[in-house]
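# Architecture and fold: a report
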Amino acid sequence: MLDLGYLSMRLNPCIAIYTLLYHLGVLLIGRRKRTPEAPSYFSTAVFSGYLLATVWLVSFILTVVVLARGNQVYYHVEWLRQQGLPVNVHTQRVQVFLTLYETVIIGGMSLRGHAIVYAEGPDPHDWRYAELEKDDIESVIASYAGNA
């Protein structure tokens, strides 16, 4: 992000913010107490993960294309350094690597979630914390031992 998105067609900073919001949303939904009548949103999180992985893949392709077309003035690292941005070829290579890393991680999480949906249905039993009748340690251990 040292290049302010010039070398990724301004897609990487936007998708990074969306990824952060996605992870925060999944964590917040996953931490809510579970009631039987409330939807779990697990399949929605899996679909959003697939969508996010697809956008990261497009961002990876655009970043590689921009890196390969470094002869154009607008994408040239020296031109960006003259404009005052602290970029070099190594920052672009790191950006390509991290974009590929995000594509693989988000895609892998989505595939794993899809496998869970396929095996257990769209509302897996361990997606959110279950409300326990008692808060003592014996009932907590018994509830998790019963699910295993």
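An account of the accompanying structure is given in this report. Think of each chain on its own: its residues are numbered from 1, step by step along the sequence as written. Predicted model: local features are reported for residues with pLDDT of at least 70 only, side-chain atom pairs are reported and counted for 80 or more only, and whole-chain, interface and lining totals are derived from all residues. Side-chain metrics rest on all non-hydrogen atoms present in the structure, leaving aside hydrogens and water.

## Focus on the side chain of Ser110
- Strands are runs of DSSP state E lasting at least two residues, helices are runs of H or I lasting at least four, and both sets are numbered from the N terminus onward. Mapped onto the elements, Ser110 comes out in helix α4 (residues 89-120).
- Relative accessible area serves as the criterion here: at 3%, Ser110 is assigned to the buried category.
- Of note is the side chain of Ser110, whose polar atom sits 3.3 Å from the backbone oxygen of Gly49. Think of it in three bands: residues with accessible area under 20% of the maximum for their type are buried, residues over 50% are exposed, and the middle band is partly exposed, with areas taken using a 1.4 Å probe on protein chains only. A 3.5 Å cut-off defines polar contacts: any pair of N or O atoms within that distance qualifies, except that in protein one atom must be a possible hydrogen donor and the other a possible acceptor, and neighbouring residues in sequence count only when both atoms are side-chain atoms.

## Thoughts on the packing of aromatic side chains
- The criterion for an aromatic pair is that two Phe, Tyr or Trp rings (for Trp, the six-membered ring) have centres within 6.5 Å, with stacked assigned to planes under 30 degrees apart, edge-to-face to planes over 60 apart and tilted to the rest. Overall, the coordinates contain 1 aromatic pair when judged by the stated rule.
- With a centroid separation of 6.5 Å and 25° between ring planes, the pair formed by Phe97 and Tyr101 is classed as stacked. On the criterion of helical spacing, the pair formed by Phe97 and Tyr101 is a turn pair, its members being 4 residues apart in helix α4.
- Classification of Tyr101 as partly exposed rests on a relative accessible area of 44%.

## A short note on the environment of Val66
- The topology assignment puts Val66 in helix α2 (residues 42-68).
- Taking the C-alpha atoms as reference, Val66 lies 9.4 Å from Gln92; in sequence the two are 26 residues apart.

## Some remarks on helix α1 (residues 11-31)
- Look at α1: 30 Å from first C-alpha to last across 21 residues, which is about the 30 Å you get at 1.5 Å a residue.
- Every buried residue belonging to α1 is among Asn12, Pro13, Ile15, Thr19, Tyr22 and Gly30, and all of these are buried. Every helix has an expected span of 1.5 Å times one less than the residues it contains.

## Digging into a nonpolar patch on the surface
- On the surface, a nonpolar cluster with roughly 570 Å² of combined accessible area is contributed by Val94, Phe97, Leu98, Tyr101, Ile105 and Met109.
- Looking at Phe97, the relative accessible area reads 53%, which means it is exposed. Any residue with relative accessible area above 30% and no salt bridge may belong to a patch, with like charges joined within 9 Å and the nonpolar Val, Leu, Ile, Met, Phe, Trp and Tyr side chains within 5 Å. The method behind every accessible area is Shrake-Rupley, applied with a 1.4 Å probe, and residues are considered shielded solely by the protein chains displayed. Salt bridges are defined as contacts in which a side-chain nitrogen from Lys or Arg sits within 4 Å of a carboxyl oxygen from Asp or Glu.

## Here we look at the nonpolar core
- Core analysis: the largest hydrophobic core is formed by 7 residues, namely Ile15, Tyr22, Ala45, Leu52, Ala53, Trp56 and Ile106.
- Taken together, the elements giving at least two residues each to this core come down to α1 and α2.
- Per element, the largest residue contribution to this core is 4 residues, and it comes from α2.
- Ala53 has contacts with Thr103, Ile106 and Gly107, leaving out every residue within four places of it along the chain. Nonpolar core, defined: a set of buried Ala, Val, Leu, Ile, Met, Phe, Trp, Tyr and Cys residues in which side-chain atoms within 4.5 Å join the residues together. Two residues form a contact once any of their heavy atoms are found within 4.5 Å.

## Remarks on the packing of α1 against α2
- Only C-alpha atoms enter the line fits that serve as axes; for helices the fit covers just the stretch in contact. Angles between N-to-C directions range over 0 to 180 degrees. At a minimum axis distance of 10 Å, the contact between α1 and α2 shows a crossing angle of 160°. One finds that α1 runs roughly antiparallel with respect to α2. For the pair α1 and α2, the crossing hand works out as left-handed. The residues of α2 that touch α1, namely those facing Leu11, Asn12, Ile15, Ala16, Tyr18, Thr19, Tyr22 and Val26, are Ala45, Ser48, Gly49, Leu52, Val55, Trp56, Val58, Ser59, Leu62 and Thr63.
- For this scheme, ten residues count as nonpolar: Ala, Val, Leu, Ile, Met, Phe, Trp, Tyr, Cys and Pro. Four count as charged, namely Asp, Glu, Lys and Arg, and the remainder, Gly too, count as polar. Looking at side-chain class alone, the contact of α1 with α2 contains 12 nonpolar, 6 polar and no charged residues. Throughout this description, any angle smaller than 35 degrees is read as roughly parallel, any larger than 145 degrees as roughly antiparallel, any in the 65 to 115 degree range as roughly perpendicular, and the remainder as oblique. By the definition used in this description, the sense in which the near helix is turned from the far one sets the handedness, with an anticlockwise turn below a right angle giving left-handed and a clockwise turn giving right-handed.

Note that all results are geometric; they support no functional claim without further evidence.
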